[in-house]
Amino acid sequence: MRYAQLVIGPAGSGKSTYCAGIQKHGAATGRSIHVVNLDPAAEAFKYDCDFDVRDLISVDDLAEDDDDTLSTMGPNGSLVFCMEYIANNMESLEEALDTGEDDYYVFDCPGQIELYSHMTVMRTVVDKIRSWNFNVCAVFILDSQFMIDVDKFMAGALTALSTLMVLECSAICVLSKMDLLHGADKERVEHILESEFGQLLNENPPTAFSKAYRNLSEKIAGVMDSYSMVNFVPLNLEDEDSVTDVLLQIDMSIQYGDDLEVKDKFPEDVDNEDDYGGWE
Amino acid sequence: MSEEASPTPQTSTPAPPINAVTKDTPPVVLVLGMAGSGKSSFVQALTSHLHKKRNFPYVINLDPAVRKVIFPANIDIRDTVDYKKVMKDYELGPNGAIMTCLNLCCTRLQEMLGLVSARSSQFPVCLVDAPGQIEAFTWSASGSIITDSFASMFPTVIAYVVDSARSTNPTTFMSNMLYACSILYRMKLPFFLVLNKSDIVDPAFLQKWMQDYEQLGASIEDAREAYINNLTHSLSLVLDEFYASIPTVKVSARTGEGMDDVMATIEKCKAEYFEKYQPAYNELLKERLAKDVKAAGDKLNDINITENPNPEAEADSE
C-alpha cells in the first residue's frame, strides 16, 4: 500500500510552499516524503521533485510550439490542454513512482477550479493514482488571511467542498500562513477554529446580510459541523509542532502507519525471525 | 487611501468618500464565472442589446490575459498592464502574472473609479468583465479591493455566469453552485445567476433541479456509484436554500435572448444593495480596504515591484 497527498487549492494559497515544508519536515524526522509536481503551469518551487510533469509537457512548451493553435492559447486553454495530455500519458508518471512499498508521496496539483468541477481530467488523474495501490487524501489549502471572519470561513468551506465533492476521496482542509496572522485577526481565527459554527452564527451582532441569509448560513453551518472534511486545521510551517499535527491528521486519514512494518537501518529484511538471534 | 496603510505605490488622488452612493447612481455589474462560461460573450450581448436601444453602458475589461476584447471597452486593463511582459519580466507563471496584473491595476484604481464616476450621469449601467481565472479574482486581495472599491461608490451587484450546456452533468452543476455560493459569502453583495448558452440547452432542467433538490440528488446518485451520499444530500439542502435566495435569468449570449430580463434583475438587485448592503458597508469597508491594500502591496514587494515598475512597459503599451 502506498500513500498520497493531493495538494489542491486556489492559486497563491501556499500549495508549493506546503509541499516543500512537508518534505523538509520529513527529512528532519527520518521519513522519506517524495514530492511530485503535477502543475504544468507551475513557477519555480523549493522542493526536490521525484517527477515534474513539466518534463512531459508545460504551458511554456505550448507557447513556443510551431503550431499556432497551441501557441496562441490563453492561460486557461493551455492549462486544459496540458492536463488532458497528462491524463492520457500517465505511464511515465507511473514509472517514476515505482520505487517501493510504504512510499509516501505528495502531489502538487494545479489550482484552477474548472479542472475539477467542469472537467473530468483531474478526477481521471486521481483515479489512476488510486489504481496504482495508493491511499489518497486530498489536502485543500486556503490562505488563513482570507478567512478572518465567520462568513469568509464559510466561503472557504464552500470553495473546498465544490472541489472535494468531485474527487470523492478523504480530505483535510488546511489553513496556511498562520504565522502571518496577528492581533485581532489571529484571535478571531483561533476562536472560530475552536467553536461550532452553529454557535458562531449567534455570536456576532446581526447585520443586514446575516439576517437576509440566516437560513442559508444555518444550513452551511450544519454541514461544517457535521463533516470533518471541512474541519480546518491551522498550519504554521515555521512551527514544527504545527507541521507534525497536520501531518498526523492526514496520516490518520490515509491510514498511514496501520500497515507499516518496522524498519531499521540494516539492509536485511527484519521479518526474518532468525536474524534477531544475533542482535542483542 | 489613508497614509498609514501600506507600502503600496499610491497616486496622489484622494480617497473616495466612504459610500456616497445615492439611488441615482447607476449600478455596477461584476461579471464572474468559470472559464468558458461565456462571461465576455454575455457582456458583449448585453452591451449590444443596450446599444440598440441607444442606452449606452459603460464597459470595463479587467481580464489582462485576453487576446481580443469582443465588446467596446471604455476602460481596458491591458492599457495599464502588459500581461506577457509582466510574465517575462518578473518570471511568473500565468497565475502569478494575472494576480500581479490585478495588483498593479489596484495601484491605479482610484483613477479608474474617478473616470467612471465622472461619467456616471451618462450611462444606465457599468459592466465589468472579470479575469477568466476566477480564483485570481475571488481569492485574492486585489479582487477584494476592486470589488469593495466599486461597492463604496456604486450600487454593485455580482452576475455569476453559468454554462448551462456543461451543467447537464449534475456533479458539475452542484460543484459550480457551491462555488457560486462561496462567492456570495466572500463578497456579500447582491447576486444573481446568469444561465448562459440557453440556445444550446434549455436551462429549464436546471431551474427544475433548483426547485426540487431531491431530483438533483437522485440524478447525482444515478450518475455515480458509491459516494458519501449523505454529504451530497446535505449539500443539496444547502443549495436549495441558496437558489431560494437569489434570482436567476436564462440567456443566450449568442442569440441575445434574455437581455431585458437581465436588466430587470439588475434593477432588483440594485434595490437590494440599498436595503441589505449599504448600511453595513461603511463600518466594514474602511477596515477591509486598508488590510487588502496592504496585502496587495506586500505581494508586489515580494516580487520586487517598486513605485515605477517598468517605465518601458508603460511607454510600450500606450
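Just so it is clear, the structure is predicted and the values come from calculations on it, not from any experiment.

Basis of the calculations
Residues numbered from 1 in each chain as written. Chains lettered and ligands numbered in written order. Predicted model: local features only at pLDDT ≥ 70, side-chain atom pairs only at ≥ 80, totals over all residues. Heavy atoms only, no water. Helix = DSSP H or I, 4+ residues; strand = E, 2+ residues; numbered from the N terminus. Buried < 20%, exposed > 50% of the residue type's maximum accessible area, 1.4 Å probe, protein only. Areas by Shrake-Rupley, 256 points an atom, 1.4 Å probe, with all protein chains shown as cover. pLDDT = per-residue confidence, 0-100. Contact = heavy atoms within 4.5 Å. Core = buried A, V, L, I, M, F, W, Y, C linked by side-chain atoms within 4.5 Å. Buried area = accessible area lost by both parts, 1.4 Å probe. Salt bridge = Lys/Arg side-chain N within 4 Å of Asp/Glu carboxyl O. Nonpolar A, V, L, I, M, F, W, Y, C, P; charged D, E, K, R; others polar. Arc of directions from axis to C-beta. Patch = residues over 30% accessible without salt bridge, like charges linked within 9 Å, V, L, I, M, F, W, Y side chains within 5 Å. Lys, Arg positive; Asp, Glu negative; His and termini not counted. Charge placed at Lys NZ, Arg CZ, Asp CG, Glu CD. Axes fitted to C-alpha atoms, helices over the stretch in contact; angles between N-to-C directions. Left-handed = near helix turned anticlockwise from the far one by under 90°. Pairing = 2+ DSSP bridges. Expected span 1.5 Å × (residues − 1). Phe/Tyr/Trp six-rings, centres within 6.5 Å; stacked < 30°, edge-to-face > 60°. Lys NZ or Arg CZ within 6 Å of the ring centre and 35° of its normal.

Undergrad: I'd love a proper account of the overall build of chain A, names of residues and values included.
TA: A count of helices and strands for chain A gives 13 helices and seven strands. Within chain A, the fraction of its 280 residues that count as buried is 54%. Just so you have it, chain A exposes about 12,500 Å², and 47% of that area is on carbon and sulfur atoms.

Undergrad: Describe the overall build of chain B, and please don't skip the residues or the numbers.
TA: A count of helical and extended segments in chain B gives 12 helices and seven strands. Here chain B holds 318 residues, and 59% of them are scored as buried. Here chain B has roughly 12,600 Å² of accessible surface; of this, 48% comes from carbon and sulfur atoms.

Undergrad: How would you summarise the confidence of the model for chain A if you had to cite specific residues and measurements?
TA: Residues and elements named next belong to chain A. With 90% of its residues at a pLDDT of 70 or more, chain A shows a mean pLDDT of 84. Here helix H3 (residues 68–71) stands out as the element of chain A with the lowest mean pLDDT, 72, in contrast to strand S5 (residues 134–143), whose mean of 93 is the highest. Every residue in residues 268–280 is under pLDDT 50, and counting partners more than four places away or in other chains gives seven contacts.

Undergrad: Let's hear about the nonpolar core: which residues, and what values?
TA: Among the nonpolar cores identified, the biggest contains 154 residues, and Phe107 and Ile129 of chain A together with Ile60, Tyr160, Tyr185, Phe191 and Phe242 of chain B are the most heavily contacted of them. Tallying contributions element by element places helix H8 (residues 150–167) of chain A first for this core, with 12 residues. For Phe107 of chain A, the residues in contact, after removing those within four places along its chain, are Ala4, Gln5, Leu6, Val7, Val36, Leu38, Leu93, Leu97 and Ile129 of chain A. Counting 26 residues, the second-largest nonpolar core is a separate cluster that includes Val7, Ala42, Tyr47 and Ile172 of chain A.

Undergrad: Break down the interface of chain A and chain B for me, with residues and values.
TA: In this assembly, 47 residues from chain A lie in contact with 54 residues from chain B. Interface of chain A and chain B: buried area, both sides summed, is about 4,800 Å²; carbon and sulfur atoms make up 65% of it. Considering only the side of chain A, the residues that lose the most area to chain B are His118, Phe146 and Met165 of chain A, jointly responsible for 15% of the buried surface there. Applying the counting rule to chain A against chain B returns two salt bridges. Here Lys219 of chain A and Glu241 of chain B are joined by a salt bridge, their closest N and O atoms 3.1 Å apart. Listing elements by their share of the side of chain A that touches chain B, those giving two or more residues are helix H4 (75–88), helix H6 (114–117), H8, helix H9 (183–194), helix H11 (208–212) and helix H12 (214–226) of chain A. Tallied by class, residues from the side of chain A that touches chain B come to 27 nonpolar, 11 polar and nine charged.

Undergrad: Describe helix H7 (residues 121–131) of chain A, naming the residues involved and giving the relevant values.
TA: Residues and elements named next belong to chain A. Here H7 has its buried residues at Val121, Met122, Val125, Val126 and Ile129. Down the axis of H7, the sector holding all buried residues measures 140°, keeping them to one side. Just past H7, the residue Asn133 takes up positive phi, approximately 70°.

Undergrad: I'd love a proper account of a negative patch on the surface, names of residues and values included.
TA: Residues Asp60, Asp61, Glu64, Asp65, Asp66, Asp67 and Asp68 of chain A make up a contiguous surface patch of negative charge. Tracing the backbone shows Asp66 of chain A in the loop between helix H2 (59–63) and H3.

Undergrad: Can you explain unusual backbone geometry? Please cite residues and give values.
TA: All names here are of chain B. Unlike most non-glycine residues, Glu91 shows phi in positive territory, near 50°. Secondary-structure assignment places Glu91 in the loop between helix H2 (83–89) and helix H3 (94–107). Since its relative accessible area comes to 69%, Glu91 is described here as exposed. A positive phi is found at Lys188, a non-glycine position, where the angle reads about 50°. Its place among the elements puts Lys188 in the loop between helix H7 (170–187) and strand S6 (191–196). Lys188 sits in the buried class, given a relative accessible area of 12%.

Undergrad: Summarise the packing of H8 of chain A against H12 of chain A; cite the residues concerned and give the values.
TA: Residues and elements named next belong to chain A. In contact at an axis separation of 11 Å, H8 and H12 are set at 65° when each is read in the N-to-C sense. Relative to H12, the crossing made by H8 is left-handed. Between H8 and H12, the contacting residues are Phe153, Met154, Ala157, Leu158 and Leu161 on the first element and Ser217, Ile220, Ala221, Val223 and Met224 on the second. Class assignment of the residues belonging to the contact of H8 with H12 gives a composition of nine nonpolar, one polar and no charged.

Undergrad: An account of the sheet that holds S5 of chain A is needed here, citing residue identities and associated values.
TA: All names here are of chain A. The strand order S3-S2-S4-S1-S5-S6-S7 describes an open sheet built from seven strands, whose pairing is parallel. With one partner strand each, in any of the chains shown, strand S3 (49–52) and strand S7 (232–234) form the two edges of the open sheet. The average angle at which neighbouring strand axes cross in this sheet is 25°, direction not considered. Packing of H7 onto the sheet brings it into contact with strand S1 (2–8), strand S4 (104–108) and S5, and relative to S5 it is tilted by some 140°.

Undergrad: So what's going on with H12 of chain A? Residues and values would help.
TA: All names here are of chain A. Helix length check: H12, at 13 residues, gives a terminal C-alpha distance of 18 Å against a target of 18 Å (1.5 Å per residue), a fit within 8%. Along H12, the residues classified as buried are Leu216, Ser217, Ile220, Ala221, Val223 and Met224. An end-on view of H12 places all buried positions within 160° of arc, on one side of the element.

Undergrad: So what's going on with the packing of H3 of chain B against helix H6 (residues 141–153) of chain B? Which residues, and what values?
TA: All names here are of chain B. Two elements in contact, H3 and H6, have axes separated by 8 Å at closest approach and are oriented at 40°. Of the two elements, H3 crosses H6, and the hand of that crossing is left-handed. Packed against H3, whose contacting residues are Met99, Leu102, Asn103 and Cys106, the element H6 presents Ser142, Ile145 and Ile146 at the interface. Grouping the constituent residues of the contact of H3 with H6 by class yields five nonpolar, two polar and no charged.

Undergrad: With reference to specific residues and values, describe the pattern of salt bridges.
TA: Summed over all chains, the structure comprises 20 salt bridges over all chains. With its nearest N and O atoms 3.4 Å apart, the salt bridge here joins Asp89 of chain B to Lys85 of chain B. Within this pair, Asp89 of chain B and its partner Lys85 of chain B are both found in helix H2, separated by four residues, close to a single helical turn. Here the salt bridges do not stand alone but share partners, grouping Arg123, Asp127, Arg130 and Glu168 of chain A into one network.

Undergrad: For the packing of aromatic side chains, give the residues involved together with the corresponding values.
TA: Two numbers describe a pair of aromatic rings. These are the distance of the centres and the angle of the planes. Applying the stated rule across the entire model yields 16 aromatic pairs over all chains. Ring geometry for Phe209 of chain A versus Tyr213 of chain A: centroids 4.8 Å apart, planes at 45°, classification tilted. For the pair shown, Phe209 of chain A and Tyr213 of chain A are each scored as buried. Seen in terms of ring centroids, Tyr160 of chain B and Phe191 of chain B are 6.1 Å apart; in terms of plane orientation they differ by 25°. Their pairing is stacked. Residue Tyr160 of chain B is found in strand S5 (residues 156–163), and its partner Phe191 of chain B is found in strand S6; the two are separated by 31 residues along the sequence. Exposure class is identical for Tyr160 of chain B and Phe191 of chain B. Each is buried. Site record: aromatic cluster; members linked through ring pairs are Tyr160, Phe173, Phe191, Phe242 and Tyr243 of chain B. Positioned above the aromatic ring of Tyr104 of chain A, the side-chain terminus of Arg31 of chain A is 4.7 Å from the ring centre. Here Lys23 of chain B stacks its cationic end above the ring of Phe274 of chain B, 5.2 Å away from the centre of that ring.

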